[in-house]
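One-letter residues, chain by chain:
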Amino acid sequence: MKKIWIWSITAALAGFLFGFDTVVISGADKKLQALWGSSDAFHGIVVVGMALWGTVVGALFGSIPTNKMGRKKTLLWIGILYTVSALGSAFANDPITFAVFRFIGGLGVGASTIAAPAYISEIAPAHDRGKLVGLYQFNIVFGILIAFFSNYLLSGLGENDWRWMVGVEAIPAILYTLFALTLPKSPRWLLTKFRKEEAKEVLQLINPDKNPEKMIIHTQEEMENTVPHETIFIKKYRFPLILAFSIAFFNQLSGINAFLYYAPRIMTEAGLEESAALLGSIGIGVINMLFTLLGIYLIDKVGRKQLMYIGSIGYIGSLSLVACAFFMNWEGMAMPIFLFIFIAAHAIGQGTVIWVFISEIFPNHLRGSGQSFGSSVHWILAAVVPSLIPVLFSTIGPGVVFSFFAFMMVLQLLFVAFMMPETKGVSLEAMQEMLSKKTKKS
C-alpha cells in the first residue's frame with residue numbers, strides 16, 4: 001500500500017503544477033502589460049488568456065497520447081511541457097513568444113486532467129480510490145497557494161522580477177519529471193494493449209498478496225467484447241457520457257471560476273474596502289484547501305453522492321445569500337462569510353468529487369477518451385463563464401447572476417438524487433457492468 005501512495009502522490013503532483021501554472025501569471029500580469037504596452041484586449045486574450053486556450057486544446061486532445069502511449073509516458077511529457085513553458089516564458093522578450101510558451105504550459109494543464117486521474121484510478125484499490133485520486137485536486141489547490149506565496153517572495157527583485165515568478169516553476173517541473181520516471185505503467189492500460197505479462201508484473205508490485213487473474217480475465221473479456229475503434233459516443237456508453245457531461249457542466253455553472261477570478265471585485269461591489277477584499281481572497285484560498293482536505297478524508301468513508309449532497313445544499317444556501325446581499329444592499333462582513341461558505345461547499349463537494357468520479361465511470365480501454373470528454377466540457381465552460389461575468393454584472397447585475405447560479409445548483413441536487421450512482425468501494429470492472437446495465441434500461 002505504501003508504494004501505491006508514493007505513486008499516486010507522484011502522479012498527483014501534475015495537479016500541483018496545474019495549480020501553480022494557472023495562478024503564477026497573476027504576479028506578472030500588470031508588469032507585462034506595462035512592459036509591452038499591450039491593449040487590454042490583447043493582454044487579456046493573448047498574453048494572459050493563451051494558457052487557458054492551451055488548456056482547452058490539451059483537454060480536447062490529451063486522450064490521444066494517454067490512450068496510445070500510455071498514462072506514464074503522457075505524465076512524463078506533461079512534466080516536459082511544464083518545464084519548457086516555464087523556462088521559455090522566463091526568457092521571452094516579446095508578448096507573442098511569451099504567449100506561445102504559456103500556451104505550451106496550458107497543454108500540460110489540460111492533458112494532466114486526463115492522464116493523472118486515469119492513472120491513479122487504475123492503480124488504486126477500490127476502497128481507497130477516492131482519496132488517492134482526490135490527491136490530484138488537493139495538489140491543484142496547494143499549487144495555487146504556493147504560487148501566490150512564491151509571487152509574494154519574488155516581487156521586488158527589480159524590473160525583471162516577473163521572469164523569476166514565471167521561471168521558478170521549472171524547478172518543481174523538473175523534479176516532477178524525474179519522479180515520474182519511477183512510476184510503473186498502468187496495469188489496466190497494459191491489459192487493453194494485450195500485454196498480459198507486463199500487467200501481471202505491475203499488479204504483483206501493487207499488491208503481492210492478491211491474485212490478479214480475476215481482474216486480468218475480466219479485462220480480457222472486456223477487450224474481446226468491444227468493437228474495433230469504438231468510441232465513447234456509441235449508445236453502449238451513453239449513460240457514463242451523460243454522467244461525465246453533467247458533473248462537469250454543473251461544476252462550472254456553480255460560478256466557481258467566476259468567484260475565484262473575481263473575488264476581490266465581487267467583495268468591493270458589495271461595499272468592502274479594497275484591502276479587506278484582498279484579505280478576503282487569501283481567506284478563500286485557505287478555506288479551499290482545508291475543505292478539500294476534509295473532502296479527501298471523507299470521500300471513501302461517506303461516498304461521492306453524500307459529498308455532492310452536502311456541496312449542493314451548501315451551494316444553494318450560500319449563492320442565495322450572496323444574491324440577497326446584492327438585492328438588499330447588505331454591507332460589512334456578511335459577503336465574505338457567504339463566499340467562504342460557498343468555497344467550503346465547492347471544495348468538499350464538486351472540487352473533491354469531479355476528477356475522481358469521471359475517472360471511475362468509463363471502461364478501461366476508453367477511460368482516457370471519457371476523461372478527455374469530461375475535462376473538455378469543464379474547461380470550455382471555464383473559459384466561457386468567467387469571461388461573461390464583467391458584462392453580466394454591468395447589465396443584469398450581480399444579484400441576478402448569483403440567483404441563476406443558485407437555480408443551477410438546485411438542478412445539480414436533482415441530478416445527484418436521481419441520476420448519479422454511488423461509486424464508493426466498487427471496482428472499476430464491476431462499475432462498468434453496473435453502468436452498462438443502466439444504459440440498457442434507459
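The present account deals with the structure reproduced in this document. Nothing here was measured: the structure is a model prediction, and the numbers come from that model. (Residues numbered from 1 in each chain as written. Predicted model: local features only at pLDDT ≥ 70, side-chain atom pairs only at ≥ 80, totals over all residues. Heavy atoms only, no water.)

## What to know about the overall build of the protein chain
Counting its secondary structure elements, the protein chain contains 20 helices and zero strands. Against the compact-globule benchmark of 22 Å for 442 residues, the protein chain has a radius of gyration of 22 Å, which places it among compact chains. Each of the three principal axes of the protein chain carries a C-alpha extent, and together these read 65 × 50 × 35 Å. A total of 442 residues make up the protein chain; the buried ones form 57% of that total. Pairs at least 24 residues apart make up 81% of the contacts formed inside the protein chain by residues separated by at least 6 positions. Element-wise, carbon and sulfur atoms account for 70% of the exposed surface of the protein chain, whose accessible area totals about 18,400 Å². Of the side-chain charges in the protein chain, 33 are positive and 27 negative, and the distance between the mean point of each set is 9 Å. (Helix = DSSP H or I, 4+ residues; strand = E, 2+ residues; numbered from the N terminus. Rg over C-alpha atoms; globule rule 2.2 N^0.38 Å. Buried < 20%, exposed > 50% of the residue type's maximum accessible area, 1.4 Å probe, protein only. Contact = heavy atoms within 4.5 Å. Areas by Shrake-Rupley, 256 points an atom, 1.4 Å probe, with all protein chains shown as cover. Lys, Arg positive; Asp, Glu negative; His and termini not counted. Charge placed at Lys NZ, Arg CZ, Asp CG, Glu CD.)

## A word on the environment of Thr 10
Within the secondary structure, Thr 10 sits in helix α1 (residues 2-36). Each C-alpha atom of the pair Thr 10 and Thr 182 lies 8.9 Å from the other, and the pair is 172 residues apart in sequence. Discounting chain neighbours no more than four positions away, the residues touching Thr 10 are Tyr 176, Phe 179, Ala 180 and Leu 183.

## A few points about the nonpolar core
Within the largest apolar cluster, 107 residues are counted, with the highest numbers of intra-cluster contacts made by Leu 75, Tyr 119, Leu 319, Val 353, Trp 379 and Phe 402. Broken down by element, the residue count for this core peaks at 14 residues, all from helix α17 (residues 334-360). With sequence-adjacent residues up to four places away left out, Tyr 119 is seen in contact with Trp 7, Ala 11, Arg 71, Leu 75, Leu 183, Pro 184, Lys 185 and Ser 186. (Core = buried A, V, L, I, M, F, W, Y, C linked by side-chain atoms within 4.5 Å.)

## What about the environment of Ser 8?
Mapped onto the fold, Ser 8 is located in helix α1. For Ser 8, a relative accessible area of 0% gives the class buried. The contact partners of Ser 8, leaving out residues within four places of it in the chain, are Ile 120, Ile 123, Leu 132 and Leu 135. A polar contact is formed between the side chain of Ser 8 and the backbone oxygen of Ile 4, at a distance of 2.7 Å. (Polar contact = N/O pair within 3.5 Å; in protein donor to acceptor, adjacent residues only side chain to side chain.)

## Side note on the pattern of salt bridges
Enumeration over the complete set of coordinates arrives at twelve salt bridges. A salt bridge links Arg 71 to Glu 122, with the shortest nitrogen-to-oxygen separation between them at 2.7 Å. In this pair, Arg 71 is assigned in helix α5 (residues 71-91) and Glu 122 in helix α6 (residues 95-123), connecting sequence segments 51 residues apart. Owing to a relative accessible area of 1%, Arg 71 belongs among the buried residues under this scheme. Between Glu 198 and Arg 195 there is a salt bridge, with its nearest N and O atoms 2.9 Å apart. For Arg 195, a relative accessible area of 27% corresponds to the partly exposed category. The network of salt bridges with common partners includes Asp 128, Arg 129, Lys 131, Asp 300, Arg 304 and Glu 360. (Salt bridge = Lys/Arg side-chain N within 4 Å of Asp/Glu carboxyl O.)

## Some thoughts on unusual backbone geometry
Backbone geometry at Phe 194 places phi at a positive 60 degrees, although glycine is not the residue there. Tracing the backbone shows Phe 194 in the loop between α10 (187-192) and α11 (196-206).

These figures come from the coordinates and say nothing about function on their own.
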